[in-house]
Amino acid sequence: MATSIKTGVLVHKRDWAGDLVGLIQVSGLWIISSFLLFQQGGMGTKWPLYFLVACSMPAYAVYCLRHENDLTVIKSGLGATENQRLVELAIQKLGWQIISNTRYCITAGANNKWWRGAGQTLTVLLDQDNIYLNVVHGGTVKARLPFYFGSNQRKLKRLIATINMMQLLHNPMPTT
């Protein structure tokens, strides 16, 4: 946990085989599709454009894989125990399921409404004054997409908004 907080990246064992197979599938499909698209009208002088289009999706996929474990920090100003309670309330409000809950780490699952069983995993690291969040799609050894069209970020934004709302509800600003 300390290493993750220090580096700002969630440290855990990766499914490199699943990541690689998913990357190859997405890249191959994109390269073949773009080749067929450009071949329809003849390549001619469009080869630089084809090269750019063909490389864009694999490059984006590698970028997403590289940054999917980055931690997002919320400065709460609360202690670890209060942060834990705040996150538990937010997870409950969103209807997500807590998988593991220890003093400094919470893991929860958020199902995808379109594909049942293919949901994100939320990891929360709790510290004095800070909450560290990461949302990532689960993978299998058969493969997984290296990106999910912003789904992880949308869930993360909903979680942050809910945590901020819960913090305001349970710790209102003192009036003067």
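All of these numbers come straight from a predicted model, not from anything done at the bench.

Chemist: Explain helix α5 (residues 151–170) to me, please; I cannot follow it from the model alone.
Modeler: Residues three or four positions apart in an α-helix share a direction because the helix packs 3.6 residues into each turn. Helix length check: α5 (20 residues) gives 28 Å between terminal C-alpha atoms against 28 Å at 1.5 Å per residue, within 8%. Those residues of α5 that sit buried are Ser151, Asn152, Lys155, Leu156, Leu159, Thr162, Ile163, Met166 and Gln167. When α5 is viewed along its axis, its buried side chains cluster within an angular range of 135° and face the same direction. Counted as exposed and oriented over 90 degrees from the buried face of α5: Arg154, Lys157 and Leu168. Where α5 is buried, its residues contact β1 (72–75), α4 (80–94), β3 (105–110), β4 (120–127) and β5 (130–137).

Chemist: Sorry, what's going on with the pairing of strand β2 (residues 97–101) here?
Modeler: On a regular strand, each side chain points to the face opposite its neighbour's, so the side chains alternate between the two faces of the sheet. Here 4 bridges tie β2 to β3, and the two strands are oriented antiparallel to one another. Directly across from Ile98, in β3, lies its bridge partner Ala108. Between β2 and β3, which follow one another and run antiparallel, lie 3 residues.

Analysis parameters
- Residues numbered from 1 in each chain as written.
- Predicted model: local features only at pLDDT ≥ 70, side-chain atom pairs only at ≥ 80, totals over all residues.
- Heavy atoms only, no water.
- Helix = DSSP H or I, 4+ residues; strand = E, 2+ residues; numbered from the N terminus.
- Expected span 1.5 Å × (residues − 1).
- Buried < 20%, exposed > 50% of the residue type's maximum accessible area, 1.4 Å probe, protein only.
- Arc of directions from axis to C-beta.
- Contact = heavy atoms within 4.5 Å.
- Pairing = 2+ DSSP bridges.

That's the geometry; what it means functionally is another story.
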